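A look at the structure
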Amino acid sequence: MATRAHFSSRIGFILAAAGSAVGLGNIWGFPTQAASNGGAVFLIVYLLMVFALAYPLLVAELTIGRYGNADPITSLRKVWPQQRALMGFVGLAGMIAVSLILSFYAIVAGWLLGYLVAPVLDLLGLTAQAQWLEEFGVERNLILMLVFMWLTVMVVRSGVTDGIEKWSTRLMPVLLLLFVVMVIYILTQDGAWEGLRVYLVPDASHLSPKLIVSAMGQAFFSLSLGVCTMMVYGSYLDKSANLPKTAAQVALLDTGVAFLAGMLILPAMFVAQNHGVVIYDDTGALLASDTLVFSVLPSMFETMGGVGILVSTLFFILMVIAALTSSISMLEVPVSCVIEELNHTRHWAVWWIGGVISVISTVIVFNFESLFGFVITMTTAYAQPIIGMIFAILVGWIWHRDKVLNEIKAGYPELEASLFWRIWPWYVRIVCPVLMLLVFFLQ
Ligand code: PHE
């Protein structure tokens, strides 16, 4: 096999992996979950889940990938060579799950594109077109999804360093900067502090098994775990990288952005309320999920007058960037498998797989009511935790401990003497699977 591409710098890898992790899950999922699950209580359980469960698994997935130095199917087979067929099946399951995630993600990201362009069209007097972009409809969903898929394909087509790394390192700093600017702006508005209070003062009455399960799912989704994404990125990482440290940086960046998103969205809801926008439903619960980003925020932007268009544009640019740096990491999983397992060119693989996933998205668009929520639940509530657990079992029980040690040690020479090595192997072996099973049976 020809030598594989690798990330050209450590920071390039961190920004790409954080780019994968930071996405709609952080900016849309996390704040809405926090808003409807008692604010700070959700935040605390979420933080526990990230560091007690997701971080150790992130290290596990990255380690398998870097050891394999190949696409996820081959990497998994290198971990358990006696079980080629089974490992092929696990890799395939991850590949299918991540493709399905991309198929609904692209629909939502398409809406974001619509909301990005609509205010501009409105300004130009193209009111009907603007309305079309913002109103739910099969044609709109389809066209915008295709545009977003096309963007994803264009980046992945250029490969690891010229596509994924280049765009992630360009876009992630812009995203972080936009975020900080927006948080500062929103906190100067009337009503913002009330939102902050809801976000940061815990209300323990919300603590429930359901909340814990949601927090786990959110942590898995947010760190892109259980679907071979981090494995394939890990396989493009050079041996001198310190995996536990790099994983910690990625997890911190991801959690930091989720936290910041809460500082933006929850105050924004209360600012919107101050402008007369309804943010509580009839039962007194905060409006959640799609209504939040796609109705509360746009109506708030509208009440802001001229500056509203600017703020809205910034916000949706931020969302689209976050979605794109995630979607490229999803597409890379099946693409790397097709390139390396079936010996196709990147160009061929990207167009074919992008095409197939667009077809799946199209089916969802035409059967939105029955399929959209179903695909989301199947992939994020089942596939991600289950496959994630399989990875933990592989690393904890099947993989020879010395091999794991040597792999991590390559970039972390003092590993054996570290606290990390005293805890992590047992942790992935016992604690992660048990915790996941517990949470699973709580649902
Ligand atoms: N982590 C991404 C987000 O928070 C979603 C994602 C899931 C990306 C699975 C890759 C794989 O939006």
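Everything below is about the structure printed above this text.
In short, a report on the structure. Model, not experiment: these values are computed from the prediction. (Residues numbered from 1 in each chain as written. Predicted model: local features only at pLDDT ≥ 70, side-chain atom pairs only at ≥ 80, totals over all residues. Heavy atoms only, no water.)

1. Remarks on the pattern of salt bridges
Test applied: We count a salt bridge whenever a side-chain nitrogen from Lys or Arg sits within 4 Å of a carboxyl oxygen from Asp or Glu. Numbering of helices and strands runs from the N terminus, with a helix taken as a DSSP run of H or I at least four residues long and a strand as a DSSP run of E at least two residues long. Between buried and exposed lies partly exposed: a residue is buried under 20% and exposed over 50% of the maximum accessible area for its type, with that area taken using a 1.4 Å probe on protein chains only.
This model, assessed by the stated rule, comprises seven salt bridges. Here R10 and D238 are joined by a salt bridge, their closest N and O atoms 3.3 Å apart. Pair noted here: R10 is in helix 1 (residues 10-21) and D238 is in the loop between helix 11 (229-234) and helix 12 (243-274), with a separation of 228 residues, a long-range link. Under the relative-accessibility criterion, R10 is labelled partly exposed at 32%. Of the charged contacts in the structure, one is a salt bridge between E407 and R66, with a shortest N-O distance of 2.8 Å. Note that E407 is positioned in helix 17 (residues 401-409) and R66 in helix 3 (residues 40-68), a separation of 341 residues in sequence. When sorted by exposure, E407 lands in the same class as R66, which is buried.

2. Overview of the site of the ligand
In plain terms, the rule: Neighbouring residues are identified by heavy atoms, a residue being near a molecule or strand if any of them is within 4 Å of it. Counted as a polar contact is a pair of N or O atoms within 3.5 Å, where, for protein atoms, one must be capable of donating a hydrogen and the other of accepting one, and residues adjacent in sequence contribute only when both atoms are in side chains. Note on areas: these come from Shrake-Rupley sampling with a 1.4 Å probe, and a residue is covered only by the protein chains present in the view. Each residue is assigned to one class: nonpolar for Ala, Val, Leu, Ile, Met, Phe, Trp, Tyr, Cys and Pro, charged for Asp, Glu, Lys and Arg, and polar for all the others, Gly among them.
In the neighbourhood of the ligand, 16 residues make up the surrounding shell, with A21, G25, Y105, F221 and S222 lying closest. The separation between an oxygen atom of the ligand and a polar side-chain atom of N26 is 3.2 Å. Contact distances for the ligand include 3.1 Å between a nitrogen atom and a side-chain N or O atom of S224. About the coverage of the ligand: the protein hides 100% of its 320 Å² of free accessible area. Elements with a contribution of two residues or more to the shell around the ligand: helix 1, helix 2 (24-36), helix 10 (209-222) and helix 14 (306-342). Grouping the constituent residues of the shell around the ligand by class yields six nonpolar, ten polar and no charged.

3. Some remarks on helix 9 (residues 192-200)
Here is the rule we go by: Relevant arc is that of directions from the helix axis to the C-beta atoms, nothing else. Two residues qualify as a contact provided that any one of their heavy atoms is within 4.5 Å of a heavy atom in the partner residue.
Listing the buried residues of helix 9 in full gives A192, G195, L196 and Y199. The arc that holds every buried residue of helix 9, seen down its axis, measures 100°, which confines them to one face. Those residues of helix 9 that are buried are in contact with helix 2, helix 3, helix 8 (160-187) and helix 12.

4. Re empty space enclosed by the protein
Note the cut-off: Points on a 1 Å grid over protein atoms alone make up a cavity when a 1.4 Å probe fits among them but cannot get out, and a pocket when they form an open set with protein on both sides within 12 Å along at least five of seven lines; lining residues each have an atom within 4 Å of a point. Grid points are joined across faces, edges and corners, and a volume is the space filled by probe spheres set on the points.
In this structure the tally under the stated criterion is two cavities of 30 Å³ or more. Estimates place the volume of the largest cavity at around 120 Å³. As for the largest cavity, its lining consists of 17 residues, of which S20, F221, S224, S326 and M330 are closest to the centre. Within the residue set of the lining of the largest cavity, elements represented by two or more residues are helix 1, helix 2, helix 5 (84-123), helix 10 and helix 14. Considered class by class, the residues forming the lining of the largest cavity number eight nonpolar, nine polar and no charged. If you go around the second largest cavity, the residues you meet are M182, I186, L264, I265, A268, L297, M300, F301 and F315. Only helix 8, helix 12 and helix 13 (289-303) provide two or more residues apiece to the lining of the second largest cavity. Residue composition of the lining of the second largest cavity, by class: nine nonpolar, no polar and no charged.

5. Points about the packing of helix 3 against helix 12
Heads up, the condition is: Whenever a helix is involved, its axis is fitted only over the stretch in contact; in every case the axis is a line through C-alpha atoms, and angles between N-to-C directions fall within 0 to 180 degrees. Each helix crossing is assigned a hand: it is left-handed if the near helix lies turned anticlockwise from the far helix by less than a right angle, otherwise right-handed if that turn is clockwise.
Where helix 3 contacts helix 12, the two axes come as close as 9 Å, and the packing angle between them is 140°. Viewed along their axes, helix 3 and helix 12 form a crossing whose handedness is right-handed. In contact with L43, Y46, L47, V50, F51, Y55, L58, V59, L62, T63 and R66 of helix 3, helix 12 contributes L243, P244, A247, A248, V250, A251, L252, D254, T255 and F259. Class assignment of the residues belonging to the contact of helix 3 with helix 12 gives a composition of 17 nonpolar, two polar and two charged.

6. A look at the packing of helix 3 against helix 17
Two numbers describe a pair of packed helices, the interaxial angle and the distance between the axes. How we decide: Angular relationships are summarised with four words: roughly parallel below 35 degrees, roughly antiparallel beyond 145, roughly perpendicular across 65 to 115, and oblique for the angles in between.
Two elements in contact, helix 3 and helix 17, have axes whose closest approach is 10 Å; the angle formed by their N-to-C orientations is 85°. As summarised for this structure, helix 3 and helix 17 are arranged roughly perpendicular, according to the angle between their axes. Contact with helix 3, carried on its side by T63, R66 and Y67, involves K403, E407 and I408 of helix 17 and no other residues of that element. Looking at side-chain class alone, the contact of helix 3 with helix 17 contains two nonpolar, one polar and three charged residues.

7. Focus: the packing of aromatic side chains
Note the cut-off: A pair of Phe, Tyr and Trp rings is counted when the ring centres sit within 6.5 Å of each other, with Trp represented by its six-membered ring. The angle between the planes then sorts it: under 30 degrees is stacked, over 60 is edge-to-face, the rest tilted. Whether a charge lies above a ring is judged from NZ of Lys or CZ of Arg, which has to be within 6 Å of the ring centre and within 35 degrees of the ring normal.
For the coordinates displayed, the defined rule picks out 21 aromatic pairs. Ring centres of F368 and F372 lie 4.4 Å apart, and the angle between their planes is 20°; on these two criteria the pair is classed as stacked. Here F368 pairs with F372, and both are found in helix 16 (residues 368-398), just four residues apart, close to one helical turn. On the accessibility criterion, F368 (15% relative accessible area) is buried. Residue F372 is classed as buried on the basis of its relative accessible area, which comes to 12%. Between F420 and W424, the aromatic rings sit 5.4 Å apart at their centres with planes inclined by 20°, giving stacked as the arrangement. With F420 and W424 both in helix 18 (residues 419-442) and four residues apart, the pair spans about one turn of that helix. Of the two residues examined, F420 and W424, each falls in the buried class. Taken together, the ring pairs in this structure connect F30, F42, Y46, Y199 and F259 into an aromatic cluster. The ring centre of W167 lies 4.7 Å from the NZ or CZ of R170, which sits over that ring.

Everything listed here is a matter of coordinates, which is why it stays silent on function.
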